[in-house]
Amino acid sequence: MVTVTFDKVRKEFGTMVALPGLDLAIGSGEFVSLLGPSGCGKTTTLRMLAGLEQPTSGRILIGDRPVNNLAPGERDIAMVFQSYALYPHMTVAQNIAYPLRKRGVPKAERPARVKAVADLLQLGPLLERKPRQLSGGQQQRVALGRALVREPKVFLLDEPLSNLDAQLRAHMRAELIELHRRLGKTMVYVTHDQLEAMTMSTRIAVMRGGELQQFATPAEIYHRPANAFVAGFIGTPAMTLADGEIAAGQGRAMLKLGTLQMELPPDHLSQAPTGVLPVTVGVRPEDVVLGAGDGQASIRVVEPTGHESIVLANAGDVVFTVRVPGDSPLRPGDTVPFDLRRERLHIFERASGRRLNADRDLASGPARLSVTV
Ligand SMILES: Nc1ncnc2c1ncn2[C@@H]1O[C@H](COP(=O)(O)OP(=O)(O)O)[C@@H](O)[C@H]1O
Ligand SMILES: [Mg+2]
């Protein structure tokens, strides 16, 4: 078990700054996802950790050992890529044994280590097959096996599931969670898929344009996004983000959201605002109330997904995304009473995107569906 530390790591490609200065401390045995849109620097971060790319400046440590000057083979890591090229002419057993052969592990030791890994990944019955005789998921498991067999201290995975179909991805997610639990090794996982990051990670590092936006547990990132970018990036369907204003006075804070007006609960913000403050307001789909409240919403779209439906509802001049139970009788064109769960509103400074909420709201527990129509 071992920690991984990025200490002011900067990476330039020519005149292009991919990472201006990354600070990230990954705990021993964690499963950390680097999550962000394409081009935000996830792969570059992982490749520097692997030793395939040199930082322009800053230090990378594995455990308490600086590894900047160590070759990839000296770092005690194993990496699984999105394109997991297996050797087509070798059997599964030979593919898994290959890293051992390459590293000069004595021949007599190899079968036992291959078998242990094959058992772990349920590849036992497939050991004599060639890659072309395997399904995509089985091939991915062999690629994992080839990384595992070396018993590295840290596993690096770069979008390893993105070539798989949706059903298989869900299955492999569960397998990776299980694998991490059993091995207890530090894993760094790159993905642009927030569902993968949310389901598997102990903590998620959300990145944008080479900058770390937030590094926290999935629950914290969901319930307390550090800024408007994280708020909009995490959650399916995405939360509604709308421009508004907070007008403060006499110890009260009135939120104006287009034509909607409401008083914010006392202590909702970390600092009492003064005057009029332009904000961006974030509302999760489960935090809109349809069927109760003083406001009024008109239903525009109802998208059934089975156990729930996603509704687009106009209130004032804002279009809210709302989660309702699948058996809700709401239909497009309906007009219904409307409210927001004010204690759960996310408030961001409009100019900077910075979160303004007081940090007590995580304790308010998981969101409940609150529709009474
Ligand atoms: N070898 C390279 N040469 C020049 N630019 C690169 C190189 N590798 C990555 N980049 C650039 O660095 C940025 C981050 O890339 P990358 O780490 O691959 O992003 P991600 O994995 O998050 O999609 C992108 O703008 C990309 O174009
Ligand atoms: Mg990438």
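The model shown is predicted, which means the values in this text are computed figures rather than measured ones.

**Student:** Can you break down the pattern of salt bridges residue by residue, with the values?
**Tutor:** For side chains bearing opposite charge, pairing can occur when the charged atoms are close. As enumerated under the stated definition, the model contains 22 salt bridges in all. The salt bridge partner of R10 is E12, with a shortest N-O separation of 2.7 Å. Looking at R10, the relative accessible area reads 26%, which means it is partly exposed. With a closest N to O distance of 3.9 Å, E109 and R113 form a salt bridge. When salt bridges that share partners are traced, they join D7, K8 and R59 into one network.

**Student:** Which residues make up the domain arrangement of the protein, and what values do they have?
**Tutor:** You can read the domains of the protein as domain 1 (4–230) and domain 2 (238–364). Look at where the C-alpha atoms of domain 1 and domain 2 centre, and you get two points 38 Å apart. Contacts between the two partners involve 10 residues from domain 1 and, on the opposite side, 14 residues from domain 2. For the pair domain 1 and domain 2, the two sides together bury roughly 980 Å², of which 56% comes from carbon and sulfur. When the buried area of domain 1 at its contact with domain 2 is split by residue, Y222, R224 and A228 rank highest and sum to 57% of it.

**Student:** Describe helix α4 (residues 136–148), with residues and values.
**Tutor:** The terminal C-alpha atoms of α4, which comprises 13 residues, lie 18 Å apart, in line with the 18 Å expected from a rise of 1.5 Å per residue. Counting buried positions over the 13 residues of α4 gives 10, a clear majority of the element. Among the residues of α4, those classed as buried are G137, Q140, R141, V142, A143, L144, G145, R146, A147 and L148. As for α4, its buried residues are in contact with β6 (77–80), α2 (92–102), α3 (110–120), β7 (154–158) and α5 (166–183).

Rules of the game
- Residues numbered from 1 in each chain as written.
- Chains lettered and ligands numbered in written order.
- Predicted model: local features only at pLDDT ≥ 70, side-chain atom pairs only at ≥ 80, totals over all residues.
- Heavy atoms only, no water.
- Salt bridge = Lys/Arg side-chain N within 4 Å of Asp/Glu carboxyl O.
- Buried < 20%, exposed > 50% of the residue type's maximum accessible area, 1.4 Å probe, protein only.
- Domains from an automatic or database assignment.
- Contact = heavy atoms within 4.5 Å.
- Buried area = accessible area lost by both parts, 1.4 Å probe.
- Helix = DSSP H or I, 4+ residues; strand = E, 2+ residues; numbered from the N terminus.
- Expected span 1.5 Å × (residues − 1).

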